[in-house]
Amino acid sequence: MRTKAAVALEAGKPLEIMDVNLDAPKEGEVLVEVKATGLCHTDDFTLSGADPEGQFPAILGHEGAGVVVEVGPGVKSLKPGDHVIPLYTPECRECEYCLNPKTNLCQAIRGTQGQGVMPDGTSRFSMTDGTPLLHYMGCSTFANHTVLPEIALAKIRSDAPFDKVCYIGCGVTTGIGAVVNTAKVEIGATAIVFGLGGIGLNVIQGLRLAGADRIVGVDINPDKADMAWKFGMTDFVNPSEVEGALAPYLVEMTGGGGDYTFDATGNVDVMRTALESAHKGWGESVIIGVAPAGAEIATRPFQLVTGRVWKGTAFGGASGRTDVPRIVDWYMDGKIEIDPMITHTLTLEEINKGFDMMHAGESIRSVVVY
Ligand code: NAD
Ligand code: AHE
Ligand code: ZN
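From a predicted model like this one, the values you see are computed outputs, not experimental measurements. (Residues numbered from 1 in each chain as written. Chains lettered and ligands numbered in written order. Predicted model: local features only at pLDDT ≥ 70, side-chain atom pairs only at ≥ 80, totals over all residues. Heavy atoms only, no water.)

(A) Broad picture of the pairing of strand β12 (residues 260-263). Of the two faces of β12, the one carrying Y260 and F262 and the one carrying T261 and D263 are both buried. Examined bridge by bridge, strand β9 (residues 190-194) and β12 share 4 bridges and lie parallel to one another. Within β12, the position partnered with I192 by the bridge is T261. Where β12 and strand β13 (residues 284-287) come together, 4 bridges link them in parallel fashion. Note that in β13 the partner of T261 across the bridge is S285. Regarding the hand of the β-α-β motif, the stretch spanning β12, helix α8 (residues 268-276) and β13 is right-handed. (Buried < 20%, exposed > 50% of the residue type's maximum accessible area, 1.4 Å probe, protein only. Helix = DSSP H or I, 4+ residues; strand = E, 2+ residues; numbered from the N terminus. Pairing = 2+ DSSP bridges. Right-handed = clockwise from strand over helix to strand, strands pointing away.)

(B) Spotlight on the site of ligand 1. Neighbouring ligand 1 are 28 residues, the closest being T42, I199, D219, T313 and F315. A distance of 3.0 Å is found between an oxygen atom of ligand 1 and a side-chain nitrogen or oxygen belonging to H41. For ligand 1, an oxygen atom lies 3.3 Å from a polar atom in the side chain of K224. In isolation ligand 1 has 870 Å² of accessible area, and contact with the protein removes 88% of it. Grouping the constituent residues of the shell around ligand 1 by class yields 13 nonpolar, 12 polar and 3 charged. (Near = heavy atom within 4 Å. Polar contact = N/O pair within 3.5 Å; in protein donor to acceptor, adjacent residues only side chain to side chain. Areas by Shrake-Rupley, 256 points an atom, 1.4 Å probe, with all protein chains shown as cover. Nonpolar A, V, L, I, M, F, W, Y, C, P; charged D, E, K, R; others polar.)

(C) Expanded view of the coordination of the zinc ion (ligand 3). In the first shell of the zinc ion (ligand 3), the protein supplies C40 (SG), H62 (NE2) and C170 (SG), at 2.0 to 2.4 Å from the metal. If you look at the zinc ion (ligand 3), its 4 donor atoms make angles of 98 to 123 degrees with each other, and the shape they trace is tetrahedral. In the primary sequence, the donor residues of the zinc ion (ligand 3) line up as C-x21-H-x107-C. A residue pair is termed long-range when its members are at least 10 positions apart, and C40 in the loop between β3 (29-38) and α1 (41-47) and C170 in the loop between α3 (162-165) and α4 (171-183) qualify at 130 residues. Both residues of the pair, C40 and C170, count as buried. (Donors = N, O, S within 2.8 Å, 3.2 Å for Na, K, Ca; no water. Tetrahedral: all angles 85-135°; square planar, octahedral: opposite > 155°, others 65-115°.)

(D) Looking closely at the layout of surface pockets. When its volume is computed, the second largest pocket comes out at roughly 410 Å³. Taken together, 21 residues form the lining of the second largest pocket, with P101, K102, T103, N104 and G317 sitting closest to its centre. Listing elements by their share of the lining of the second largest pocket, those giving two or more residues are α4 and β14 (309-312). Looking at side-chain class alone, the lining of the second largest pocket contains 6 nonpolar, 9 polar and 6 charged residues. (1 Å grid on protein atoms, 1.4 Å probe; cavity = no way out; pocket = protein on both sides within 12 Å on 5 of 7 lines; lining within 4 Å. Points joined across faces, edges and corners; volume = space filled by probe spheres on them.)

(E) Spotlight on the site of ligand 2. Residues in close proximity to ligand 2 include C40, T42, D51, P52, E53, H62, Y88, R110, M137, C170, V290 and A314, which together make up its full environment. At a separation of 3.0 Å, a nitrogen atom of ligand 2 approaches a polar side-chain atom of E53. Here an oxygen atom of ligand 2 sits 2.7 Å away from a polar atom, N or O, in the side chain of R110. Isolated, ligand 2 exposes 530 Å² of accessible area, and the fraction of that covered by the protein chains is 70%. Broken down by class, the residue content of the shell around ligand 2 amounts to 7 nonpolar, 2 polar and 3 charged.

Take it as geometry only, folks, not as evidence of what the structure does.
Written out as structure tokens, the structure reads:
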């Protein structure tokens with residue numbers, strides 16, 4: 001079939017809107033009509049060429065929601081008409097990783113997913129002149145139709161609005177999951193969140209949900225504070241207004257440091273500050289941000305010797321087919337908020353404008369509605 005897509009032809013260039021070929025789903029695969037897709041910082045990171053795994057030409061996008069159109073041979077859990085959210089972290093429920101409750105990193109298709117192809121080693125997408133196009137993070141939601149493995153689709157209720165719950169495909173689940181699954185924050189905790197963008201705001205709403213008492217937000221863009229107050233931030237710090245080093249300032253301000261600190265910037269210097277702002281003896285620092293190719297983290301080992309813990313999280317530690325439908329319920333029941341964070345709704349033709357607004361710090365989430 002033919003479908004419309006925003007294609008990443010090469011690093012650093014705007015996406016190009018064009019018709020592309022999409023082959024029918026093969027064994028274990030599902031054809032999905034994408035109804036809405038969010039623009040995550042990670043798509044931009046790959047498009048910029050900073051992702052060591054980034055490949056071109058490809059169809060980016062990993063945060064979406066849509067409807068099953070056709071299922072390939074052997075697909076049992078989904079049927080045409082089902083509403084779904086694509087999962088860049090799949091859940092096969094059979095691999096060594098899925099069977100270990102300590103991780104959500106299903107490895108069933110990790111190898112081929114990283115190569116931009118389906119599990120049989122081939123791509124379903126090509127340009128109309130026959131040039132092959134790669135899949136991205138197993139999702140490729142910057143296309144009106146896409147093909148995914150059955151294990152990379154969470155079936156969700158049919159009354160949830162696509163243009164809002166698409167955000168659960170990455171940002172919402174990552175931020176809230178970092179708090180409840182990875183850090184396991186307890187009632188009364190003190191937390192510090194670095195970066196108040198599409199992920200950090202969800203960390204903040206996760207902290208409020210978990211019952212944290214003090215939620216300190218840190219961002220170099222003071223305009224980001226307004227939304228963070230609404231989601232539960234109790235104190236705001238603009239690093240450029242702090243004299244001297246930031247970590248000791250935050251430690252002093254919080255009476256010893258955060259019980260939990262979160263990096264939602266992707267900046268390795270911020271990651272160090274986040275670790276060193278965690279409380280001596282027990283503070284845990286969770287890295288969510290994705291850093292550019294070649295970047296490394298550093299700290300004095302003494303920071304860990306004296307009881308701080310450094311961790312990371314992918315997709316908020318969520319097992320998507322199990323957890324994503326529950327998070328959709330939380331949204332539909334009013335337990336969590338999504339709507340105010342979706343600051344812009346665009347057409348596919350306007351997708352590059354969405355990335356421009358991301359660069360300018362003007363948006364939290366832009367969502368393309370097909
Ligand atoms: P975003 O651009 O919306 O937000 C980043 C925020 O960090 C901005 O508000 C920016 O002003 C702030 N910031 C930048 N430099 C800073 C500094 N030095 N100190 C304090 N604040 C600073 O991005 P996002 O969508 O929220 O994503 C955040 C990071 O999380 C990205 O690196 C993204 O790739 C990553 N991410 C990781 C996962 C995962 O599973 N681990 C999932 C989604 C996104
Ligand atoms: N490819 C990069 C790393 C990118 C990365 O860390 N991706 C996150 C999801 S970000 C979503 O917005 C992730 O889940 N990674 C797990 C995995 O297995 O890729 C690099 O540095 O190589
Ligand atoms: Zn993402």
